[in-house]
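The chain contents come next:
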Amino acid sequence: GAGIGGLCVAGRLAKAHPEWTITIVEKNEKAGGRLDTVQVAGGAYRFDTGPTLLLAPDIYKQTFEALGARLEDYVTLARVDPSYRVFSPDATNFTASTCLLDMKNQLEDIEEGSFQGFLRYMQEAGTNYVRGFNS
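Okay, so let's go over this structure. A quick note: this is a predicted structure, and the numbers were derived from the prediction, not measured. (Residues numbered from 1 in each chain as written. Predicted model: local features only at pLDDT ≥ 70, side-chain atom pairs only at ≥ 80, totals over all residues. Heavy atoms only, no water.)

A word on the nonpolar core
Then comes step 1: Phe 94, Ala 96, Met 103, Leu 107, Phe 115 and Phe 118 together form the largest nonpolar core, which totals 6 residues.
Then comes step 2: Contributing elements (two or more residues each) for this core: strand E4 (94-96), helix H3 (100-110) and helix H4 (114-134).
Then comes step 3: Residues within four places of Phe 115 in sequence aside, it is in contact with Leu 100, Met 103, Lys 104, Leu 107 and Glu 108. (Core = buried A, V, L, I, M, F, W, Y, C linked by side-chain atoms within 4.5 Å. Buried < 20%, exposed > 50% of the residue type's maximum accessible area, 1.4 Å probe, protein only. Helix = DSSP H or I, 4+ residues; strand = E, 2+ residues; numbered from the N terminus. Contact = heavy atoms within 4.5 Å.)

Below, the structure is given as structure tokens:
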């Protein structure tokens, strides 16, 4: 497919084997895979349907470098905080933040004691993230 992974692999194959003809087959009307947007009301509203967070910018940098380019020449990465908001029908809304105090206050308002569970989850996720890149 012509998602980010497929495009990266195709680019690397084409660079490594210029004698090959690389063909990408995509089921959607355009490239990008889950990296897409949906527009409604004649384009008045646009919704991101793709990845919410960029967790491994070094992989993108490495891919650009492998293809003889610099990521910074094409894309400006910027931290966005809050990263997203969740709106529930019962008005229990949540705003994901990089500020641990904000996260603690919000999570404890939703469910007492939940912040400690969040910290355990983040520790395990961090361990798995490092393990995934080192294995």
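Quick notes on the packing of aromatic side chains
Then comes step 1: All chains considered together, the criterion is met by 3 aromatic pairs.
Then comes step 2: A ring pair is formed by Phe 64 and Tyr 74, whose centres lie 5.7 Å apart and whose planes are at 40 degrees; its orientation type is tilted. In this pair, Phe 64 is assigned in helix H2 (residues 57-66) and Tyr 74 in the loop between H2 and strand E3 (84-86), connecting sequence segments 10 residues apart.
Then comes step 3: In this structure Phe 64 comes out as partly exposed when scored by relative accessible area, which is 23%. (Phe/Tyr/Trp six-rings, centres within 6.5 Å; stacked < 30°, edge-to-face > 60°.)

Brief notes about unusual backbone geometry
Then comes step 1: The linkage connecting Asp 81 with the following residue, Pro 82, adopts the cis geometry, with an omega of 10 degrees.
Then comes step 2: The residue Pro 82 is located in the loop between H2 and E3 in this model.
Then comes step 3: In this model, Ala 41 sits at a positive phi of 55 degrees, which is unusual for a non-glycine residue.

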